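A structural walkthrough
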Amino acid sequence: MPRPLGRHQITVLGALARHNRGSWDARCAWRFRSLACTVRVLDSLVQRGHVTRTSATERYTIAESGLNVLGWYTCEACTRLTRSPVIEEVSVSRRRVQCSWCHPGGAARPRAPRAERTAR
Ligand SMILES: [Zn+2]
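Residues numbered from 1 in each chain as written. Predicted model: local features only at pLDDT ≥ 70, side-chain atom pairs only at ≥ 80, totals over all residues.

1. Here's the deal with the overall build of the protein chain
Scanning the protein chain for helices and strands turns up four helices and seven strands. Starting at the N terminus and ending at the C terminus, the protein chain contains elements arranged as α-β-α-β-β-α-β-β-β-β-α. A total of 120 residues make up the protein chain; the buried ones form 18% of that total. (Helix = DSSP H or I, 4+ residues; strand = E, 2+ residues; numbered from the N terminus. Buried ≥ 20, exposed ≤ 12 C-beta atoms within 10 Å, placed from the backbone.)

Printed below as a string of structure tokens:
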């Protein structure tokens with residue numbers, strides 16, 4: 001398990017997610033303490049893979065794993081953010097994330113094997 005994020009990292013990640021559709025650069029209005037401090041924390045989040053940085057524009061953008069840390073998931077079908085995703089293991093290395101609107105049956109539906117479903 002990777003070590004958990006620090007308090008400052010969570011704070012900055014949350015601010016990043018809420019403003020400007022998840023992206024930040026030096027012209028943005030919000031800062032965490034100072035410009036240098038904001039950049040330092042954002043860079044540490046880039047190293048953790050929760051944020052991506054575009055070198056050319058010095059713009060930081062939240063990554064899906066960063067959203068996941070905050071409890072948000074991007075629906076693969078409609079690209080909306082959801083706090084109550086339906087996550088299905090499609091294979092060992094692949095999972096499908098959908099919001100309850102896109103997933104037939106919604107979040108309450110128990111996971112059933114495909115063959116069983118078509119047999120009825
Ligand atoms: Zn959806």
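2. A closer look at the sheet that holds strand β1 (residues 23-24)
Whenever strands of a sheet pair, they do so through backbone hydrogen bonds, lying parallel or antiparallel. Pairing is antiparallel across the open sheet formed by three strands, whose spatial order is β1-β3-β2. The open sheet is flanked by β1 and β2 (51-54), the only strands paired with a single partner. Where β2 and strand β3 (residues 59-62) come together, four bridges link them in antiparallel fashion. When the bridges of β3 are listed, V51 appears paired with I62. The strands touched by helix α1 (residues 7-18) within the sheet are β1, β2 and β3, with β3 carrying the most contacts at an inclination of about 90 degrees. (Pairing = 2+ DSSP bridges. Contact = placed C-beta atoms within 7 Å. Axes fitted to C-alpha atoms, helices over the stretch in contact; angles between N-to-C directions.)

3. Focus: the environment of G14
One can find G14 in helix α1. In sequence terms G14 and V69 are 55 residues apart; their C-alpha atoms lie 9.4 Å from each other.

4. Some details on the nonpolar core
Membership of the largest hydrophobic core is limited to 11 residues, which are V12, L13, L16, W24, V41, L42, L45, V51, Y60, I62 and V69. Counting only elements with at least two residues in this core, the list comes to α1, α2 (35-48) and β3. Those residues in contact with W24, other than ones at most four positions away along the chain, are L16, L42 and Y60. (Core = buried A, V, L, I, M, F, W, Y, C linked by C-beta atoms within 7 Å.)

5. So, α2
The first and last C-alpha atoms of α2 sit 20 Å apart over 14 residues, in line with the 20 Å expected at 1.5 Å per residue. For α2, the elements touching its buried residues are α1, β1, β2, β3 and α3 (64-69). A positive phi of about 85 degrees marks G49, the residue just after α2. (Expected span 1.5 Å × (residues − 1).)

6. Thoughts on α1
Between its first and last C-alpha, α1 extends 17 Å over 12 residues, near the 16 Å set by a 1.5 Å rise per residue. Within the sequence span of α1, burial applies to Q9, V12, L13 and L16. Angular distribution of buried residues about the axis of α1 spans 100 degrees; they occupy a single face of the element. Residues of α1 that are exposed and angled more than 90 degrees away from the buried face: R7 and R18. Buried residues in α1 make contact with β1, α2, β2, β3 and α3. A positive backbone phi angle near 50 degrees is found at N20, which sits one or two residues after α1. (Arc of directions from axis to C-beta.)

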